[in-house]
Amino acid sequence: MREDNYRIHYFIDKNYKTDEQLHAALMHEMYHRVTLGRDGLHRDTWVDEIIAFLAAHYGLIEFGMTEYASYRLSYLTREQVLLSLEDVKHAKQKSFFEFSSSLFPEGYGGRIYRTAQELDLLVGWPQVRRMVDCRNWSDWLAPFSADIREKIILLLDLSVDV
Ligand SMILES: [Zn+2]
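In short, a report on the structure.

## A word on the nonpolar core
Item 1. Counting residues in each nonpolar core, the largest one holds 28 residues, and the members touching the most others are Ile50, Ile51, Phe53, Leu54, Ile112, Ala116 and Met131.
Item 2. Of all elements in the fold, only helix H1 (19-35), helix H2 (45-62), helix H5 (108-123), helix H7 (137-141) and helix H8 (146-156) reach the threshold of two or more residues within this core.
Item 3. Considering each element in turn, this core owes the most residues, nine residues, to H2.
Item 4. Those residues in contact with Ala116, other than ones at most four positions away along the chain, are Ile50, Phe53 and Leu54.

## Thoughts on the environment of Glu118
Item 1. By secondary structure assignment, the location of Glu118 is in helix H5.
Item 2. Of the residues examined, Glu118 has 16 C-beta atoms within 10 Å and is grouped as partly exposed.
Item 3. It is 8.0 Å that separates the C-alpha atoms of Glu118 and Leu155, two residues lying 37 residues apart in sequence.

## Side note on H2
Item 1. Taking 1.5 Å of rise per residue, the 18 residues of H2 would be expected to cover 26 Å, and the 25 Å separating its terminal C-alpha atoms lies within 8% of that figure.
Item 2. Along H2, the positions that sit buried rather than exposed are Val47, Asp48, Glu49, Ile50, Ile51, Ala52, Phe53, Leu54, Ala55, Ala56, His57 and Leu60.
Item 3. Contacts made by the buried residues of H2 are with H1, helix H3 (66-77), H5 and helix H6 (125-129).
Item 4. Positioned one or two residues after H2, Gly64 has a phi angle of 80°, which is positive.

## What about the packing of H3 against H5?
Item 1. Where H3 contacts H5, the two axes come as close as 8 Å, and the packing angle between them is 125°. The angle between the axes of H3 and H5 places the two elements in the oblique class. Every pair of crossing elements has a handedness; the one defined by H3 and H5 is left-handed. Between H3, through Leu73, Leu76 and Thr77, and H5, the contact on the second element is made entirely by Tyr113, Arg114 and Gln117.
Item 2. Looking at side-chain class alone, the contact of H3 with H5 contains three nonpolar, two polar and one charged residues.

What counts and what doesn't
- Residues numbered from 1 in each chain as written.
- Predicted model: local features only at pLDDT ≥ 70, side-chain atom pairs only at ≥ 80, totals over all residues.
- Core = buried A, V, L, I, M, F, W, Y, C linked by C-beta atoms within 7 Å.
- Buried ≥ 20, exposed ≤ 12 C-beta atoms within 10 Å, placed from the backbone.
- Helix = DSSP H or I, 4+ residues; strand = E, 2+ residues; numbered from the N terminus.
- Contact = placed C-beta atoms within 7 Å.
- Expected span 1.5 Å × (residues − 1).
- Axes fitted to C-alpha atoms, helices over the stretch in contact; angles between N-to-C directions.
- Parallel < 35°, antiparallel > 145°, perpendicular 65-115°, else oblique.
- Left-handed = near helix turned anticlockwise from the far one by under 90°.
- Nonpolar A, V, L, I, M, F, W, Y, C, P; charged D, E, K, R; others polar.

Right under this line is the structure:
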């Protein structure tokens, strides 16, 4: 377990109107809770948010909320304001005390959702989930073919030698 001042914020907005919205939020935050303190690629916030987004998506499907899961995915990946992945990687979380509706800058979520969706299409959820068990990109990339590795490196803008 990390001993430094790792702060966690669980955002369960009281304005969620439906069971589906509440489920998605809870699964997103539970993913963070379960993986907190584990050493893995998710120690980088942008990776963590990609996995959390997909954890909520596949969690909804497991709860039989498939229709809402597809609606949510297409709605969120349509978001127009997108930061570049590079900006996302360097984005600083806002202070909790700014009381903003989001801890991240505008356009952050859009890039996360879209990258998550593309990564999921490329390698599938079980492989994305495996990031939590890998301490470096080379380990995570190892099982993929050279062709897929190249696509992943491009998509995630990674600087690794493979
Ligand atoms: Zn999150």
